[in-house]
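Residues per chain are reported as follows:
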Amino acid sequence: ATVSDPKSRDKKLRAEISNGRLAMMAIIGMFFQDGLTGSAWGDWALYTASPLRAFENELGIQKPTGFWDPLGFAKDGDAANFKRRRVTEIKHGRVAMLAAM
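It should be emphasised that the depicted structure is a prediction, and the values quoted were computed from it without experimental measurement.

Draft legend 1. Main features of the overall build of the chain. Regarding its fold elements, the chain presents 2 helices and 0 strands. When burial is assessed residue by residue, the chain has 10% of its 101 residues classed as buried. Long-range pairs, those at least 24 residues apart, make up 20% of the contacts in the chain between residues at least 6 apart in sequence. Surface accessibility of the chain: about 8,600 Å² in total, with carbon and sulfur atoms responsible for 62%.

In structure tokens, the structure reads:
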């Protein structure tokens, strides 16, 4: 079915594009999770051997993602590198917040 009202059509197309983009990101995340846990719908609590759990109790770890390191920068478990990256993240976050004002 087509939408004859231009405003309604534009709104629906924008929603479709936004939802499509979100879905594309979601499926990539599911592929990553499947590779990490063996199931795209896996229970993260069962995957206790993950090197991503090394910094799970550090400042900035937030639910529901826990420790999020999609590029694997912290997979070596080096605490000094982790702390350096965290300081850098805080600095970049502060600059971004100022830039957004």
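Draft legend 2. Inspection of the pattern of salt bridges at higher detail. Per the stated rule, a full pass over the model turns up 1 salt bridge. A salt bridge links Asp10 to Arg14; the nearest nitrogen and oxygen atoms lie 2.9 Å apart. Within this pair, Asp10 and its partner Arg14 are both found in helix α1 (residues 6–37), separated by 4 residues, close to a single helical turn. A relative accessible area of 37% means that Asp10 is categorised as partly exposed.

Draft legend 3. Examining a nonpolar patch on the surface more closely. Where nonpolar side chains cluster on the molecular surface, the patch consists of Ile27, Ile28 and Phe31 and spans about 310 Å² of accessible area. As for its position among the elements, Ile27 is in helix α1.

Rules and cut-offs
Residues numbered from 1 in each chain as written. Predicted model: local features only at pLDDT ≥ 70, side-chain atom pairs only at ≥ 80, totals over all residues. Heavy atoms only, no water. Helix = DSSP H or I, 4+ residues; strand = E, 2+ residues; numbered from the N terminus. Buried < 20%, exposed > 50% of the residue type's maximum accessible area, 1.4 Å probe, protein only. Contact = heavy atoms within 4.5 Å. Areas by Shrake-Rupley, 256 points an atom, 1.4 Å probe, with all protein chains shown as cover. Salt bridge = Lys/Arg side-chain N within 4 Å of Asp/Glu carboxyl O. Patch = residues over 30% accessible without salt bridge, like charges linked within 9 Å, V, L, I, M, F, W, Y side chains within 5 Å.

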